[in-house]
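The lines below spell out each chain.
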Amino acid sequence: AELAVISNPDVSEARLFRASLRMESGDESGAKDDLFFVVSLGNTWEQSRAYNELGHLYAQSGRDEEALESFGMSIEITPEDASPYISAARLLSERGKFEDAFGLLETAVKTSWDPEWVRTEIARLLVTTGEYEDALKETESVLEIDPDRLDARSVRGQALTALKRYDEAIEDFERYLEHEGW
């Protein structure tokens, strides 16, 4: 029976989904059980996702050290996945550790299969720290590569708003909302 579980990726997916639902409902113990089960299966991609989710669970509980350790495990397993880098950087940013967050994201740009996502997160962090011109430059370089990248367009709109370039910001937000169906 255990071999059938290991060879069935739907079980991992269901466990990850159920862990997410359990986190939302406040069942930390049940979520951990599901996540540790997925880690035990040995599929590196699923293990990485489970560690990333576990990091979110710890972060929601205010257990930053354990959250960062879990994000680190996820990064170690799949360094090409931007998600755990971004998760860790957001946590660090929320705690006012901006230099650490920037450092992590700079590493992720070099290793990730989606560097534009990471560069958009760098721009988001630049907006957070009040470096609006740099954020604008970062998002514009992302949008040169992928003009339909909505997250970059939204962050660009935030930077333009902070720079009081309202007409341009409105254009970005309208384009974003148009694509999202609002």
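In this report, the structure presented in the accompanying data block is examined. (Residues numbered from 1 in each chain as written. Predicted model: local features only at pLDDT ≥ 70, side-chain atom pairs only at ≥ 80, totals over all residues. Heavy atoms only, no water.)

This next bit is on the nonpolar core. Residues Leu 105, Val 118, Ile 122 and Ala 135 are the most contacted members of the largest nonpolar core, which totals 22 residues. Ranked by residues supplied to this core, first place goes to helix α8 (residues 115-128) with six residues. In this structure Ala 135 touches Ala 123, Leu 126, Val 127 and Ala 159, once residues within four positions along its chain are discounted. Leu 16, Leu 35, Tyr 51 and Ala 67 belong to the second-largest nonpolar core, a separate cluster that totals 17 residues. (Core = buried A, V, L, I, M, F, W, Y, C linked by side-chain atoms within 4.5 Å. Buried < 20%, exposed > 50% of the residue type's maximum accessible area, 1.4 Å probe, protein only. Helix = DSSP H or I, 4+ residues; strand = E, 2+ residues; numbered from the N terminus. Contact = heavy atoms within 4.5 Å.)

The final tally for this structure, using the stated rule, is 20 salt bridges. Of the charged contacts in the structure, one is a salt bridge between Arg 153 and Asp 172, with a shortest N-O distance of 2.7 Å. One end of the pair, Arg 153, is in helix α10 (residues 150-162); the other, Asp 172, is in helix α11 (residues 166-180), with 19 residues separating them in the sequence. Linked by salt bridges that have partners in common, Arg 15, Arg 18, Arg 22, Asp 27 and Asp 34 make up one network. (Salt bridge = Lys/Arg side-chain N within 4 Å of Asp/Glu carboxyl O.)

The subject of this paragraph is unusual backbone geometry. Here the phi dihedral of Lys 164 falls at roughly 65 degrees; this positive angle occurs in a residue that is not glycine. The topology assignment puts Lys 164 in the loop between α10 and α11.

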